[in-house]
Amino acid sequence: MGSPFGSLETIYYELLHSYESQYNRPLSILPPDKVDFFIPIFGKVEVESPLLKIILLPLLQRLIEIKQLAHTYLYLAGATHSRYEHSLGVMKLSSALLKLISERLKGIKGLNINEDDELILSIAAVLHDLGHSGWGHALDSIMGKFLSYCQEALGGRQFYLFDIRKLDIAITLYLIEKNEQLKQALDALAETLKRRIPPALLREIISIIIAEEWDVTPSNIGEIEKTEQDQLIKKIRLFQTILGAPKGIGGINADRLDWLVRDAHHTQVEVYVPRIKKDLESLRETLDKILKGTDQSLVEIQKENKNIIAKLSEEITTKINSLRRTLYREVYEGLPRAFMDSLLTRLSYAALEVLYHVGKISTGPEVLLRVLVSYLLQPDAKLREYTLNILRYARDIGLSWYGIEELEEKFIKRTSNLIDYLNNIHIIIHRLRTTKPMQLLLELFNLTIPYVDDIIITIRGTTKHINIILIDCNIYAELIKRYATERHLHPAHIYHELIWRPRMDPIGSFKTIQLETQLRQYGEDVYLLTNYYAFRKMDDTYQEQKPKTTKDAIKLIKDLKQEPIIFIIHESEIKPTTKRTKTIAEHAIRYLSTTIKDTLTRHLRHHLT
Amino acid sequence: MWTFTAYILWKLSKAKGSNRIEFPELTHFIFDILWKEYKIVLNDSSKELEREIEYLKELGAVNYDGYEIEVKEKLGEIAQIVEQSSLKDQLTLYREYLGRINQAIDTKIKPKSITPS
């Protein structure tokens, strides 16, 4: 018996069809012997037939429609470049780097770099972003939820549980292993290699290079001669340090080099931050020398134990780090971007929840997983269309039929109202960019809270006024401090429960729907958006600084200052009064305090018992 | 993930019945057993893992001389934070992380006898 509603099932099967017909059905590509691509900055990228069979796959061509910087183009209008352009750039750069050091590598015993190796590195480079979802990194935030669904659907140990930082890599590895078109193309390519590498081993090699898992050896390594096994492991590790920079090891990171210069080029960051012009020009010159192969001294080859590690010189690395910080500050971060990503997080989180429940009662787990992957693989515009359609249908029907619990249903339906915000995003973003937040003193808590006042948008023909209250890291740290200091908590409490947990599940961790329900008592619509990126930044900073005391751990959060952790949107038909905004802010602060207290008390309770 | 490393170390020491664990035993468990057999990827490299051990040492939870890790009672506090996290009720994924680690320890670790392969 089908559902009495049908439309959600239609979308579900459309997504399945989209994946199967475009990306999964066997395909025979007969490319020309050679194609010259042209990309900004690097110019010509020559690609020959074996690799073309991978590049021309619809799965990879999909990256043409994935914008590298998601919605940044709304205010940096040039930032419309694609992950496809970036992937070709990384491939060209990786290949040039290997050529640049190949002469020196010849002197290393047991490491004979040959044409096969160049091809393998190029495949890994061009596939490194294969699993990237639309909307930039906004969907990184749903990794915890996505992997939970995979686990619930498949059960057992059927797939790798990755660190939550790696959504795109988890999907890339899933595709390398399970996608029929890609598997077929890689298997055919394995046949063309001069040295025999069994197809399953080749897929594993590519996966390990992309995932930058340093200490892992392919489980199929026994398929090749024992004498070649050590050499293969050395090569995999060397390639990891060319394409990326494994944690604790470091490396050149061709991926980062490419996005640095490419994003800077398309956003024209040097025009509004002139002080980086010199460093940027210097980096471009360095890349030019790498591409022309004219200066071998740019790359250092280090031997460590049995491993060969490729790195750039200290001087270049310092410049890269400085440029990276500037790009983060000027392009990737900021209030508009945080708001946009938080909105997209909530919309996709709810849509994925609907899809999962529809699939659970409609198809088997393997198909369900393909549908979820298909949703995430949709190009930017399609992802928007699917998300909005799923939520629109979900708004109008009872969802308990799908086994969705009451609270979840409420969350999904309220999230569907946020579609109107996506439709008004230009106005909201530009207001956030041009307005300095006002400050509201909450005497009750002895706190000052920022808010953006009276953004006017149109929702289904009606004018609405919205205020956006910003609960930032400064406030978060203050609330944690008030509770934690006198209770002698361990820094691990702060890290695991108040940084890592929201990073793993930003929406679930703050029980969004409960707070919204409470706030509705004031008679107006209030929506809560959690900023995943703030927790990611806290986590990264924590890993860098490794604080030794709880006080230092809290300071680290406080130092992130105005980075919002939660946006509270307060919507009404008339201009909201300051008094009303204040009442809502006070309620939210009280709620957040209680959430922090409950989370930490839970541990103390267990600890005492 | 340093809190998971603390949890693993604590559980390993309990299963072994010894508060001393050699670093190669730990890397064997993380990369050969957990990664390959239990499909759970928590660390990218043994160097990264070693940095986490150094941090646990700074927190007073272990002693580490570059080869042997001595587990101290304080490590149990961190292990308990991981074990009792609110995420257990919140995400299937979290329960699965802990489940696979526990299962690997129960199945693979015999008292005082884990040997790197």
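Residues numbered from 1 in each chain as written. Chains lettered and ligands numbered in written order. Predicted model: local features only at pLDDT ≥ 70, side-chain atom pairs only at ≥ 80, totals over all residues. Heavy atoms only, no water.

A. Representation of the interface of chain A and chain B. Facing 49 residues of chain A, the contacting portion of chain B comprises 41 residues. When chain A packs against chain B, close to 4600 Å² is buried across both sides, 58% of that on carbon and sulfur atoms. Across the contact surface, chain A and chain B share four salt bridges. The partner of Lys247 of chain A in a salt bridge is Glu48 of chain B, and the shortest N-O contact between them spans 3.3 Å. The interface formed by chain A and chain B contains 20 residue pairs in polar contact (both at pLDDT 80 or more). (Contact = heavy atoms within 4.5 Å. Buried area = accessible area lost by both parts, 1.4 Å probe. Salt bridge = Lys/Arg side-chain N within 4 Å of Asp/Glu carboxyl O. Polar contact = N/O pair within 3.5 Å; in protein donor to acceptor, adjacent residues only side chain to side chain.)

B. Expanded view of the pattern of salt bridges. All names here are of chain A. Counted under the stated rule, the structure contains 46 salt bridges over all chains. Where Asp420 meets Arg460, a salt bridge forms, and the shortest distance between an N and an O atom there is 2.5 Å. Of the two residues, Asp420 is situated in helix 19 (residues 419–423) and Arg460 in the loop between strand 6 (447–459) and strand 7 (462–472); the sequence distance between them amounts to 40 residues. Its relative accessible area of 59% is what places Arg460 among the exposed residues. (Helix = DSSP H or I, 4+ residues; strand = E, 2+ residues; numbered from the N terminus. Buried < 20%, exposed > 50% of the residue type's maximum accessible area, 1.4 Å probe, protein only.)

C. Representation of the sheet that holds strand 5 (residues 438–442) of chain A in the model. Residues and elements named next belong to chain A. Taken in spatial order, the five strands of this open sheet run 5-6-7-9-8, and their pairing is antiparallel. Strand pairing shows two members of the sheet lacking a second neighbour, strand 5 and strand 8 (525–530), which therefore form its edges. Neighbour to neighbour, the strand axes of the sheet diverge by 30 degrees on average, direction disregarded. When strand 7 meets strand 9 (residues 564–572), the two strands line up antiparallel, connected through eight bridges. Opposite Asp472, over in strand 9, you have Pro564 as the bridge partner. (Pairing = 2+ DSSP bridges. Axes fitted to C-alpha atoms, helices over the stretch in contact; angles between N-to-C directions.)

D. Main features of the domain arrangement of chain A. All names here are of chain A. When its domains are assigned, chain A resolves into domain 1 (10–335) and domain 2 (435–609). Put simply, the middle of domain 1 and the middle of domain 2, counted by C-alpha atoms, are 36 Å apart. Between domain 1 and domain 2, the residue contacts involve nine residues of the former and twelve residues of the latter. Across the salt bridge formed by Asp140 and Arg536, the nearest N and O atoms sit 3.7 Å from each other. Partitioning the side of domain 1 that touches domain 2 into residue classes produces three nonpolar, three polar and three charged. (Domains from an automatic or database assignment. Nonpolar A, V, L, I, M, F, W, Y, C, P; charged D, E, K, R; others polar.)

E. Seen up close, the packing of helix 9 (residues 199–211) of chain A against helix 10 (residues 226–243) of chain A. All names here are of chain A. As a packed pair, helix 9 and helix 10 sit with axes 9 Å apart at the nearest point and diverge in direction by 40 degrees. Classed by the angle they form, the pair helix 9 and helix 10 counts as oblique. The way helix 9 lies across helix 10 gives a crossing that is right-handed. Within the contact between the two elements, helix 9 uses Leu201, Ile205, Ile208 and Ile209 and helix 10 uses Leu232, Ile236, Phe239, Gln240 and Leu243. Of the residues belonging to the contact of helix 9 with helix 10, the class tally is eight nonpolar, one polar and no charged. (Parallel < 35°, antiparallel > 145°, perpendicular 65-115°, else oblique. Left-handed = near helix turned anticlockwise from the far one by under 90°.)

F. Geometry of the pairing of strand 8 of chain A. Residues and elements named next belong to chain A. When you tally the buried positions in strand 8, you get six out of six residues, the bulk of the element. Every second residue of strand 8 is oriented toward a common face, with Asp525, Tyr527 and Leu529 on one face and Val526, Leu528 and Thr530 on the other, all of them buried. Bridge analysis of strand 8 against strand 9 gives six bridges, and the strand direction is antiparallel. Note on strand 9: the bridge partner recorded for Asp525 is Glu571.

G. Region of the structure containing helix 15 (residues 335–362) of chain A. The end-to-end C-alpha distance of helix 15 of chain A is 40 Å, a good match for the 40 Å that 28 residues give at a rise of 1.5 Å each. Counting buried positions along helix 15 of chain A yields 25 of 28 residues, so the element is predominantly enclosed. (Expected span 1.5 Å × (residues − 1).)

H. Local environment of the packing of aromatic side chains. Applying the stated criterion across every chain yields a total of 24 aromatic pairs over all chains. Aromatic pair Phe339 of chain A and Phe567 of chain A: ring centres 5.3 Å apart, planes at 85 degrees, arrangement edge-to-face. Residue Phe339 of chain A is found in helix 15, and its partner Phe567 of chain A is found in strand 9; the two are separated by 228 residues along the sequence. Phe567 of chain A carries the same exposure label as Phe339 of chain A, and that label is buried. Where Tyr542 of chain A meets Tyr55 of chain B, the ring centres are 6.1 Å apart and the plane angle is 85 degrees; that geometry is what we call edge-to-face. Of the two residues, Tyr542 of chain A sits in helix 25 (residues 532–545) while Tyr55 of chain B sits in helix 3 (residues 46–58), which places them in two different chains. Neither Tyr542 of chain A nor Tyr55 of chain B differs from the other in exposure class; each is buried. An aromatic cluster is present here, built from Tyr495 and Tyr542 of chain A together with Trp2 and Tyr55 of chain B joined pairwise through their rings. The ring centre of Phe42 of chain A lies 5.0 Å from the NZ or CZ of Arg262 of chain A, which sits over that ring. (Phe/Tyr/Trp six-rings, centres within 6.5 Å; stacked < 30°, edge-to-face > 60°. Lys NZ or Arg CZ within 6 Å of the ring centre and 35° of its normal.)

I. Just the environment of Ile475 of chain A, in detail. Residue and element names in this part refer to chain A. Note on placement: Ile475 falls in helix 21 (residues 473–484). Since its relative accessible area comes to 2%, Ile475 is described here as buried. Residues Ile475 and Val526, 51 residues apart in the sequence, show an inter-C-alpha distance of 20 Å. When sequence neighbours within four positions are dropped, the list of residues in contact with Ile475 reads Leu447, Thr448, Ile449, Pro450, Leu470 and Ile589.

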